[in-house]
Amino acid sequence: MTRGNFCNIHKRSAAENAARKRSRPRKLSVWEVCAFCVLPLMLIAAGAMPSVALVFMPFVLPSLYALYRRLGAYFPLAVVGGYGAFSLILNYDILTVVYFCGLFAALCGVIFSAQLQPYLLCATVAALFAVSGALAGAGIVRLAEGEPLGNVAENYVAAEYGDPVIGFAARHYYDNADLPAEVQKLERGDDGYDAAVCEFFGAYVNETASLYTWYYCLHFGAVIAAVGYFMSLLINGKTVCIGDCNADGTPPAVDTGDMGPILRERAAVSDMKIPRSYLWACLLPTFIATAALEIAGGYGALSATLMHAFVTLPTAFCFFTLLAYFASLFKGKAKVAARVVLVAVGMLMVVFPLALFIGSLIGVCDIILNLRFWTEFIRRE
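Numbering of residues begins from 1 in every chain and follows the order in which that chain's sequence is written. A pLDDT threshold of at least 70 governs which residues receive local features in this predicted model, and a stricter bar of 80 or more applies before side-chain atom pairs are shown or counted, although totals over entire chains, interfaces and linings include all residues. Derived side-chain values reflect all non-hydrogen atoms in the structure, with water molecules and hydrogen atoms excluded from consideration.

**Focus on the overall build of the protein**
We count it as follows: Only DSSP runs of H or I with at least four residues qualify as helices, and only runs of E with at least two residues qualify as strands; both kinds are numbered from the N terminus onward. Per-residue accessibility, obtained with a 1.4 Å probe over protein chains only, is compared with the maximum for each type, and a residue is labelled buried under 20%, exposed over 50%, and partly exposed between these values. Residue contacts are defined here by distance: any two heavy atoms, one from each residue, within 4.5 Å place the two residues in contact.
A count of helices and strands for the protein gives 15 helices and 0 strands. Within the span of the protein, comprising 381 residues, buried residues form 44% of the whole. Long-range pairs, those at least 24 residues apart, make up 71% of the contacts in the protein with a sequence separation of at least 6.

**As for the nonpolar core**
Rules: What we call a nonpolar core is a set of buried Ala, Val, Leu, Ile, Met, Phe, Trp, Tyr and Cys residues that are connected through their side-chain atoms within 4.5 Å.
Among the nonpolar cores identified, the biggest contains 40 residues, and Met57, Val60, Leu61, Leu64, Tyr65, Tyr83 and Leu103 are the most heavily contacted of them. Contributing elements (two or more residues each) for this core: helix H3 (30–48), helix H4 (53–71), helix H5 (74–90), helix H6 (94–113), helix H7 (119–145), helix H10 (193–237) and helix H12 (300–328). Ranked by residues supplied to this core, first place goes to H4 with 9 residues. Among residues more than four places away in sequence, those in contact with Val60 are Leu39, Met42, Leu43 and Leu103. Formed by 14 residues, the second largest nonpolar core is a distinct cluster that contains Leu179, Tyr193, Val197 and Val205.

**Thoughts on a nonpolar patch on the surface**
The criterion, for reference: What goes into a patch is any residue over 30% in relative accessible area without a salt bridge, connected to like charges within 9 Å or, for nonpolar side chains (Val, Leu, Ile, Met, Phe, Trp, Tyr), within 5 Å. Exposure was quantified through the Shrake-Rupley algorithm and a 1.4 Å probe, taking into account, for residues, occlusion by the shown protein chains and nothing else. When a carboxyl oxygen of Asp or Glu is within 4 Å of a side-chain nitrogen of Lys or Arg, the pair counts as a salt bridge.
A contiguous nonpolar surface patch, about 600 Å² in accessible area, is contributed by Ile368, Leu369, Phe373, Trp374, Phe377 and Ile378. For the nonpolar patch, the secondary structure elements donating two or more residues are helix H14 (353–369) and helix H15 (371–380). At 4 residues, H15 tops the list of elements feeding residues into the nonpolar patch. Relative to the elements of secondary structure, Ile368 occurs in helix H14.

**Regarding H14**
To keep it simple, the criterion reads: To estimate the expected span of a helix, subtract one from its residue number and multiply by 1.5 Å. Within this analysis, the arc is defined by the directions that extend from the helix axis to the C-beta atoms.
Over its 17 residues, H14 runs 24 Å from end to end, which matches the ideal 24 Å to within 8%, given 1.5 Å per residue. Listed as buried for H14 are Leu356, Gly359, Ser360, Gly363, Val364, Asp366 and Ile367. Buried residues along H14 cover an arc of 160° about the axis, so they all sit on one side. Residues of H14 that are buried make contact with H10, helix H11 (278–296), H12, helix H13 (333–351) and H15. Following H14 by one or two positions, Asn370 has its phi on the positive side, about 55°.

**Some remarks on the packing of H4 against H5**
Put simply, the rule reads: Structural elements are reduced to axes, namely lines fitted to C-alpha atoms, with helices fitted over the stretch in contact, and the angle between N-to-C directions of any two is expressed from 0 to 180 degrees. For this scheme, ten residues count as nonpolar: Ala, Val, Leu, Ile, Met, Phe, Trp, Tyr, Cys and Pro. Four count as charged, namely Asp, Glu, Lys and Arg, and the remainder, Gly too, count as polar.
Between H4 and H5, whose axes approach to 8 Å, the crossing angle comes to 140°. Between H4, through Met57, Leu64, Leu67, Tyr68 and Leu71, and H5, the contact on the second element is made entirely by Phe75, Pro76, Val79, Val80 and Tyr83. Tallied by class, residues from the contact of H4 with H5 come to 10 nonpolar, no polar and no charged.

This is the structure:
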């Protein structure tokens, strides 16, 4: 960020600043009304049933950012604080601790990234904030419970087995698992079935949490931050604030009267791409490091985390912007359909790690071959 958020206010004439401050705030759009009405419901549901709270976070974060853009930073941050306080007081849950820390940090990250340029720095900052928040929440749980995270997760499964989501996941995993030959596999309705499910699934969760906490915090934090970042670009494109750093020349009548300032991004999502230098500066060292870890043995979780952080997630970002570029080539009704496909693919990447991985492979191809360049070359021929 080269200048402060309110740098342009001082450049404008006193008459223009007065005209902007007198401008009437824009009316709430239908989407804003829906977002602001659904936001408290989603937060209440997340606090009441933490096992499904992760589903709401990709929707909660953009709604909070829209609230920031409309009213400034204090109110949405207070909303997140209220969610954490009331949820932990009325229905204490270790998952809520992680979600609260992650959501608070992710909101701060998206707001802070909106004050920066260029877009690669913005996306990285948003992801770093969200991942750091999730890791901080996991650390707080570790300190509060006084046990390793694997044991905490195993005890949580046993205590919350009656939760519909956790119970379903445990039974599904047990029913489809290949048990050792010396272990009898019970069927639903047999005596001791629930105890066997809790023990078996708890052991699996213990091992996973012990080894892959960093990986899962990285994955979910970065994915939710990406959703928040792209949605912030969409929201910023439809609003103008008197504090925006590079909104000079905008007539006062166009000013929408929002209060959350930004440094407006000039590049469209379809033009965002990762430079080819990423291949030797980031991708190649990561491959070398992970190959060394695989040869050494016993570092599978660390190897997977490094690959996810420095290869899968950045190239998936590149793939999504490549899809946005292809969607921008269509006109009329076809463009609407292309944008629907873009949103659908983005949702698949958020929900299914396999879709994210496949998209990352295409993203690597784009970085190597510059598919945008060749597409434009073919179009000109």
